[in-house]
Structures are given as structure tokens and as C-alpha cells.
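# Structural overview for review
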Amino acid sequence: MQRDFVLIYPEYQALVLDSFRQTEYSRLETLVYLDYTGATLYPQSLVKHSFDYMLSNVLGNPHSSNPPSHLASRNTSDARKALLGFLGADPDVYCVVWTTNASSAMRIIGEGYNWRPGAILFLGQDSHNSLNGLRHFARKMDAHVDYYPLSSDEEIMAIENKLSDLHPTSSHEHPGIFCLTGQSNVTGFKPPLSLLQHASSRGFHTFLDAAALAPTTKISLSGQELNNAVDAMAISIYKIMGFPTGVGALVVKKGFLNGLKKPWFSGGTVDVVQVPGEAFTLEDGPERFEDGTINFLSMSIIPWGLSMISTLIPLLRPRLASLTHWTARALSQIQHESTGKPMVHVRSPLPTLSLAEVSQSYGFLITFEVANAIGEFVNCEIIEYGAGLAGICLRAGCMCNPGGASNLAGMAGMMLEVQNGDRKADLEARFGVRSQGVVRASFGLASNFSDAWMFVKYMRSLATNNRLQNLVNEWATRSQPCTS
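Residues numbered from 1 in each chain as written. Predicted model: local features only at pLDDT ≥ 70, side-chain atom pairs only at ≥ 80, totals over all residues. Heavy atoms only, no water.

## A closer look at the sheet that holds strand 14 (residues 395–397)
Spatially, the 4 strands line up as an open sheet ordered 11-12-15-14, and their pairing is antiparallel. Edge strands, defined here as strands with exactly one partner in the open sheet, are strand 11 (344–348) and strand 14. Sheet twist, expressed as the mean angle between neighbouring strand axes with direction ignored, is 30°. Where strand 12 (residues 365–370) meets strand 15 (residues 438–442), 4 bridges bridge the pair, whose relative direction is antiparallel. Bridge pairing in strand 15 places Phe368 opposite Val439. (Pairing = 2+ DSSP bridges. Helix = DSSP H or I, 4+ residues; strand = E, 2+ residues; numbered from the N terminus. Axes fitted to C-alpha atoms, helices over the stretch in contact; angles between N-to-C directions.)

## A closer look at the sheet that holds strand 4 (residues 144–148)
Pairing is mixed in the open sheet, where 7 strands are placed in the order 2-8-7-6-5-3-4. In this open sheet, the two strands that pair with only one neighbour each are strand 2 (94–99) and strand 4. Going across the sheet, the axis of each strand differs from the next one's by a mean of 20°, ignoring polarity. Sheet analysis places strand 7 (residues 232–236) next to strand 8 (residues 248–253), joined by 5 bridges and oriented antiparallel. Among the inter-strand pairings, Ile235 is bridged to a residue of strand 8, identified as Ala249. Against the sheet, helix 4 (residues 67–86) contacts strand 2, strand 7 and strand 8, and its axis sits at roughly 120° relative to strand 2. Across the sheet, helix 8 (residues 153–166) lies against strand 3 (120–124), strand 4 and strand 5 (176–181), angled at about 175° from strand 3, the strand it touches most. (Contact = heavy atoms within 4.5 Å.)

## Section: unusual backbone geometry
In this structure, the amide linkage connecting Phe243 to the following residue, Pro244, adopts the cis form with an omega of 0°. With respect to the element layout, Pro244 can be found in the loop between helix 10 (237–241) and strand 8. Put simply, Ser348 and Pro349 share a cis peptide bond, and its omega is -10°. Note that Pro349 resides in the loop between strand 11 and helix 13 (355–361).

## Topic: the pairing of strand 9 (residues 270–273)
Of the pairings in the sheet, the one linking strand 9 to strand 10 (residues 280–282) comprises 3 bridges and is antiparallel in character. Of the residues in strand 10, the one forming a bridge with Val272 is Thr281. Counted along the chain from strand 9 to the antiparallel partner strand 10, the turn is 6 residues long, and its residue Gly277 has a positive phi close to 140°.

## A short note on the side chain of Glu369
Residue position: Glu369 is located in strand 12. In this structure Glu369 touches Met343, Val344, His345, Arg347, Phe377, Leu408, Ala409, Arg434 and Val438, once residues within four positions along its chain are discounted.

Without other data, these values stay purely geometric and don't point to any function.
Next comes the structure, spelled out in C-alpha cells:
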């Protein structure tokens with residue numbers, strides 16, 4: 001089967017990636033992992049290199065001044081430089097604030113930005129909840145929150161026109177923040193990053209959520225496409241290289257960082273504190289936003305890991321695009337044996353798109369819904385559960401992206417009726433199983449054709465011998481509360 005696949009998708013071939021899978025991921029022999037958007041799997045050598053380094057060196061708290069602490073501080077500085085290099089960021093313009101994850105990086109923006117009445121926070125409807133959460137900070141200061149759709153050329157043109165109409169280029173007052181999701185974690189759509197340049201040219205500050213984009217896309221913050229137009233950007237290290245967890249970063253312009261307020265202080269963020277009393281002096285630069293002690297034991301592996309990933313990204317993109325394109329088409333052709341009705345409804349990317357369109361405008365994930373033999377949709381969690389029993393790792397739900405997921409599932413109208421305090425069970429009772437979200441299969445660093453084939457083979461099996469209905473019945477029995 002792979003021979004036929006390669007004839008259709010010669011771009012897939014990469015001996016380096018084949019060898020990488022064999023040497024770094026022998027633990028995947030009995031598992032099909034398709035949740036790379038949730039977490040990249042760490043290469044074996046990355047973990048070994050990290051622990052070998054820790055076992056042969058003594059590392060201390062970087063807030064101290066002894067030799068082990070100096071070594072930890074040097075590793076931290078090297079990791080900052082490596083991350084700026086990986087992201088093509090001019091070190092004279094940008095700096096790195098270490099955080100625990102991308103969400104924490106976004107919170108720094110929400111807490112510290114100079115919100116004012118009438119300012120605008122632009123958010124895409126297809127945004128992660130960590131980005132959606134910024135609206136609380138904005139509305140608290142009477143700023144406006146404006147959600148924009150961004151899934152077609154017409155909608156891209158509409159937001160460009162809206163930005164132009166809202167603010168003339170001659171004004172020197174920043175009208176707010178334009179936030180862009182570099183790659184949706186549920187639809188996979190990648191809008192043109194040139195929108196950030198356009199927003200910046202109209203006076204807006206700009207923020208890029210690159211958590212899902214950075215693992216498989218070369219970003220150059222200071223290159224021609226962006227040209228330093230991004231004021232701040234959030235990433236998570238484990239999304240890029242799988243290890244370590246608990247390390248994220250706010251990559252931010254130095255001038256923009258200086259304008260952010262720090263609403264409190266903690267260990268590591270202050271130079272002087274009066275106790276008892278009220279006086280305090282914050283640290284300068286990134287350290288003022290790095291609460292407590294950072295994950296200094298993990299800093300030594302970041303340059304090594306980013307160097308590894310940067311060499312693989314050019315090879316990964318054509319391979320993963322081929323897998324995504326083939327799998328989306330294969331899934332869309334699955335029909336129930338008993339009725340001939342479609343079983344898998346691929347929502348993104350559309351199976352009608354060309355390979356070039358998928359490669360250019362989408363990340364390497366497939367979002368879909370499953371219907372039973374009479375056309376009724378099945379709870380997405382049932383598919384995740386059944387696949388897990390077969391050793392296939394998927395993701396089901398809204399993926400922390402309710403706007404994107406509800407739109408794909410045809411439930412955008414439901415969002416108008418969601419109330420504070422609603423739980424998932426409440427939504428299912430009122431709106432049915434489609435309110436629970438969609439199923440996602442995502443490819444990444446170690447993916448190969450065998451993964452895609454085993455996944456499609458499993459999904460095809462559900463369309464035969466009443467297996468899907470049997471799975472639904474098993475789920476219903478499993479989900480019954482204990483009454484004894």
C-alpha cells in the first residue's frame with residue numbers, strides 16, 4: 001500500500017525522517033499516535049542528552065551567585081539566544097520571557113497591557129481559550145472586544161478593510177491589540193501572517209499565538225514577511241520538541257515589554273522590597289515577568305532540541321502535507337456497508353482541496369465527525385474511546401477552541417445561547433451530541449504512512465458488521481452511573 005501512496009505523493013519520501021522514526025521512536029511500535037497538536041512526542045535522544053548533562057554537571061538556582069548557579073544562568077541565556085534564532089527574531093529588537101506555557105505568556109499580555117476605554121481587542125473566532133481569556137482584562141477596563149471570522153479570502157479581505165477603516169495611519173495613538181492565531185488547533189487553518197503587518201501599519205499592537213504554528217512552520221519574526229511587525233508572540237517548548245513540559249515563552253519586543261505593567265511582584269521579579277512598608281523596585285527586562293524560579297534544569301536542552309527541529313522542519317512539511325491530504329480523502333470515502341451512507345464527514349481540510357492548498361493554508365491535522373448508518377451523528381468522545389481501545393490516539397471535543405469547533409460542527413448558533421454556568425452535559429441535553437465537539441487526528445514529528453494507514457483501516461472497520469453501533473452501545477453501558 002505504501003508503494004502506491006509514494007507513487008501518488010513522491011514528496012513524502014525522506015530517508016532522514018524514516019531513520020529518525022526508527023531510532024528515536026521505537027516505543028511507537030504498538031501505538032498509533034495522532035495527537036501531535038496536543039503534544040509533540042519527545043525524541044529519545046533529547047531526553048537522554050538532557051539527563052546525561054544533568055548527571056554530569058551541578059546546576060543551582062540562577063538567583064544565586066555560586067558556580068552551579070552561574071552555569072544555570074549561562075544555560076538560560078543560551079536558551080534565550082537559541083529561541084530567538086529559531087524564530088528568526090533580531091536580538092536587538094526582541095527578548096524572551098520564560099513562562100510555564102503559552103497560556104502564561106498570554107496572561108502577561110492581558111494583565112500588563114494598558115487597556116483603556118474605547119480600545120479594541122481583536123480576536124479571531126477560531127482562537128484558543130487562552131487567547132479568548134484576554135477579553136476579561138480588556139472588558140474590565142471598558143475596552144471593546146471584537147471577534148472576527150477568518151476562514152476564507154473574503155473574510156481576510158473584510159478584516160483588512162475593517163482595520164483600515166478603524167484607524168488612519170497618521171494617528172500616533174495605539175487603538176488596541178490585534179491578535180492572530182497562526183494556526184488553528186481545531187481547523188488547522190493558517191491565515192496569512194501579512195495581516196499582522198497590516199494591523200501594525202494601522203497603529204495596532206499585534207500578538208501572534210504561535211503555539212500550534214511553530215512546531216512545523218519556519219517563522220521569521222524579523223524576516224521579510226513579518227519585518228518586526230509582531231509585538232509579542234507565545235509558544236510552548238513541548239509543542240515544538242516534546243520535552244521539556246512546563247516551559248513556554250513570551251517572545252516580545254523590548255519596547256513593548258517596557259510598556260507592560262506588572263500587577264504584582266514575587267521572588268525573582270524584584271530588586272528591592274520594603275518590609276514592612278509599600279516601596280519596591282522591579283527587575284529590569286524579561287526577569288521582572290518571570291515569577292519565582294524558572295525551570296532552569298531544562299534550559300540546557302533547549303538549544304540542542306531547537307537545532308534538531310530546525311533541520312527537520314523543511315523535510316517534515318511535504319511529508320505531513322501528503323499524509324494529511326491522503327488521509328482526509330480516504331476518510332471522506334468511507335460509507336456504511338449496510339446503507340451506503342457516509343460514515344465520516346471531514347470538516348477540515350476539505351477533501352476537495354489540492355495538495356498544494358493543504359500545504360500552504362493548513363496545518364497537518366484532520367477534523368471530522370462520524371455518523372451512524374442512518375445518518376445520525378455520534379458523540380465525538382465515542383470515537384476517541386474506541387480508537388484508544390485499538391491503540392490509536394486521537395483527540396475529541398472542542399480542543400479548547402469552542403468557536404472553531406462549534407462552527408465546524410454546524411453549532412455556531414448554539415454559541416448565542418450559552419450561559420454562565422453551563423456544563424458540557426447541559427449543552428448536550430439542549431443541543432444534542434454535536435455540541436460536544438469534533439474528532440481530531442493530527443500528524444507531527446514522528447508520523448509516517450503506517451500511522452495514517454492504520455488509522456484509516458480502523459475507521460473503515462467501524463463501517464462494517466455493525467461495529468460502530470456496537471461501540472455506541474458499549475459506550476452507553478460504560479457511561480451509566482453506578483446505582484448499587
